[in-house]
Every structure is written in structure tokens, then in C-alpha cells.
Amino acid sequence: MPSADNRIDRRDWGLLVMLSVLWGGSFFFNGVILRELPPLTLVLLRVVLGTIILLPLLRAAGIEFPRGLSGWAPFIAMGLFNNVLPFALIVFGQTYIPSGLASILNATTPLFAVVVMAAGEERLQARRVAGVLVGLIGVAILHGDALGFESRQGIGILLCLAGAFSYGIAALVGRRLPQRVPPLGTATFQMMASAVLMAPIAAIVDRPWLLPMPHPATWLAVLGLAALSTALAYIVFFQILQRSGATNVMLVTLLIPVTAMLLGYLVLGEPIALREVIGAPVIASALLLIDGRVLAWFSRAPASTPQTIR
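Cut-offs and rules
- Residues numbered from 1 in each chain as written.
- Predicted model: local features only at pLDDT ≥ 70, side-chain atom pairs only at ≥ 80, totals over all residues.
- Heavy atoms only, no water.
- pLDDT = per-residue confidence, 0-100.
- Helix = DSSP H or I, 4+ residues; strand = E, 2+ residues; numbered from the N terminus.
- Contact = heavy atoms within 4.5 Å.
- Salt bridge = Lys/Arg side-chain N within 4 Å of Asp/Glu carboxyl O.
- Buried < 20%, exposed > 50% of the residue type's maximum accessible area, 1.4 Å probe, protein only.
- Phe/Tyr/Trp six-rings, centres within 6.5 Å; stacked < 30°, edge-to-face > 60°.
- Lys NZ or Arg CZ within 6 Å of the ring centre and 35° of its normal.
- Expected span 1.5 Å × (residues − 1).
- Bend = angle between axes of the 7 residues up to and from the residue.
- Core = buried A, V, L, I, M, F, W, Y, C linked by side-chain atoms within 4.5 Å.
- Axes fitted to C-alpha atoms, helices over the stretch in contact; angles between N-to-C directions.
- Parallel < 35°, antiparallel > 145°, perpendicular 65-115°, else oblique.
- Left-handed = near helix turned anticlockwise from the far one by under 90°.
- Nonpolar A, V, L, I, M, F, W, Y, C, P; charged D, E, K, R; others polar.

A look at the confidence of the model for the protein
Confidence in the prediction for the protein averages 80 pLDDT; 78% of positions are at 70 or higher. Averaged over each element, pLDDT in the protein is lowest for helix α13 (residues 293–300) (57) and highest for helix α2 (residues 39–61) (95). Note that pLDDT drops below 50 for residues 303–310; the model gives that stretch 4 contacts with residues more than four away or on any other chain.

Some thoughts on the pattern of salt bridges
Scanning the model with the defined rule gives 1 salt bridge in all. Here E64 ties to R67 by a salt bridge, and the two come within 3.9 Å at their closest N and O atoms. Residue E64 shares its accessibility class with R67, and that shared class is exposed.

Points about the environment of M117
Within the fold, M117 resides in helix α5 (residues 109–119). Overall, the relative accessible area of 1% leaves M117 in the buried class. Along the primary structure M117 and I169 are separated by 52 residues, whereas in three dimensions their C-alpha atoms are 8.1 Å apart.

Things to note about the packing of aromatic side chains
A complete count under the given rule lists 11 aromatic pairs for this structure. Arranged with centres 5.5 Å apart and planes meeting at 75°, the rings of W23 and Y234 form a pair that is edge-to-face. Here W23 is found in helix α1 (residues 10–33), whereas its partner Y234 is found in helix α9 (residues 216–244), with 211 residues between them in sequence. Aromatic side chains W23 and F237 sit 5.4 Å apart centroid to centroid with 45° between the ring planes, which places their arrangement in the tilted category. Residue W23 is located in helix α1, and its partner F237 is located in helix α9; the two are separated by 214 residues in the primary sequence. Exposure remark for F237: the relative accessible area of 1% places this residue in the buried category. Among the aromatic residues, those joined into a cluster by ring pairs are W23, F87, Y234, F237 and F238. Of note, R46 hangs over the ring of F87, and the distance from its end group to the ring centre comes to 3.7 Å.

Re helix α8 (residues 183–205)
Between the first and last C-alpha of α8 there are 33 Å, a value that for 23 residues agrees with the 33 Å anticipated at 1.5 Å per step. The largest bend along α8 reaches roughly 30° and is located at M198, with the proline P200 sitting one to four residues downstream. A positive backbone phi angle near 45° is found at R207, which sits one or two residues after α8.

Notes on the nonpolar core
Residues L19, W23, M198, Y234, F237 and F238 are the most contacted members of the largest nonpolar core, which totals 58 residues. Put simply, the parts of the chain that give this core at least two residues each are α1, α2, α3 (68–93), α4 (99–106), α7 (153–174), α8, α9 and α11 (252–267). Formed by 6 residues, the second largest nonpolar core is a distinct cluster that contains I104, A107, V258 and I283.

What about the packing of α2 against α3?
Two elements in contact, α2 and α3, have axes whose closest approach is 9 Å; the angle formed by their N-to-C orientations is 140°. When the axis of α2 is compared with that of α3, the two are oblique. The crossing of α2 and α3 is right-handed. Each of P39, L40, L42, V43, R46 and V47 in α2 lies in contact with α3, whose residues at this interface are F87, A88, V91 and F92. Grouping the amino acids of the contact of α2 with α3 by side-chain chemistry returns 9 nonpolar, no polar and 1 charged.

Okay, here's the thing in C-alpha cells:
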């Protein structure tokens, strides 16, 4: 269960970093796949293959399926707001804007999550709002030259922001998921619901059976998107959700631009600019502000007596 003060422990910080790498890779995979496949077909393949990967794990774990429409309802809602809508909106957005800019706009998710959760079940805390705003400033510094509105970029930006808002709603929906269901079950059930919702939409709009066969590189990107950025990522996501709360798990979107920068440097040999060196610590300070433990340490320490922080 989430802690009473909405703080994150060391284990969940590690899981957040891992999740940021998994989801940061999704923007790269999307960019590769969109060269040959239309957006809705991409989303359909992502959720269908993700379901196929998760189902054997579910069976091996002996987790039972929900019973009746009432049992499936929360997973259908989660699949809609956490998969179908944001996946489709962001992928359509990436047809207008670069993948890097899409990942930056995705970092607005914690702001939407804080607002949505305040309208729902969580008390709106000043430090959390301040932390999200500082984080967005850090993201703007990180890629400050990528926020232009050239040609039709405005459409792509609005689509990605709508996807981030859908993730914010998913944070509230996630609070209503059955706590007795383990993370693997929650990940699989919402993915199954997403596949059922996406199949008729993609069939009507894209008619994927008429599309030419993609190249092997595209299929590798599809498998990476389904296995790493979807199946594995959602197991991690729902584990953090159960342990640290809905708003905290959305902090991963503030980490994604940083991990994308580091992956580019370590894997692709891309140089790190001065603005990135400045922006990364700003985002780190935002996460500490939202977590709240640093502020608590300072508030507990006597003004005249040094306090050792362990």
C-alpha cells in the first residue's frame, strides 16, 4: 500500500529509473515503426503482442481472471486511459513532431496527475505542485531549442499533451484497481482489455491485412516495443503503483528525457550539451521536492545544531 505521506522508498526510486529507461525506449521504437506502419496498427501490435507475452507468465503464476463485467470494468477503464488513448494520441503526435519532443511533452504527465488526483482522492500539496513545475522547467532547459511550432508541429504538440492528460486520468483510475490483484495480473488484464478495444478500431481505419509486409528492422522494433516498453514496463509500473501511489508513479515521465539523453550518450555516442548538464540537476531537484524527505530533514533539524543525514 502507498505510504501515508506519499513518499517513495529507495527500491521504488530504482524501479522508477528502470521504468524510465523502458518507456524512454518506446519513443525510439515508435519512430522506427512509423516509417512503415500506420499509427493505429502500431498500437494494436503493441497491445496484442504485449498480451501474448504476459499471458504465459500469468498462467505460470496461477493468477485467476476477473469474473463478470464488474470484475473486468476497472481493467477496461485502465486499458482505455492508460493504453489505448495515450498510445494512439502520442503515436499520432509523432507523425507531426520528432520522438524527442514527444518524450519531452510526455513529461507534463505529473502535472496533469497532480491536478486530476486533487480533484479525486489525494490532497493537493504545495510542495508537489512546486516540484512538478520545477521539473517542467528542467525539461524545458534540457531541450529548450525543440519547442518550436513550425509547420504543423502545433497539432502534434496538442496530441501529445492530450495523451499526457489521459495518463493523468489513468493515475486516478489506478487508485480504484483491486489491491488483491498482483502487478502481473493487473498488467495482463488491462493489456487484454486494450487489445479488445483496439482491434475493431485498427481494423476499420487501417485495414492492416492490406498493408505491405514490414522489413525485419521494423519487426525488431515492434518486438522491443511490446516486450520491453509494454509487457515488462507495465509489470514494473503496477508494482510501483501499489507500493508508492498513483501520483508518484507518474514521476517517471520527468525522468524519461534524462534517461533518453544518457542512452544517447552511452549507446549512440551523442554529445551532451551544456543545457542538458544544467537541466538534469533541475529535474533531480524537482523529484526530491516532490518526494518531500529532504524538506522533512531540514524542518526537523534544529536551526543551531547540525544534523547528520543518513
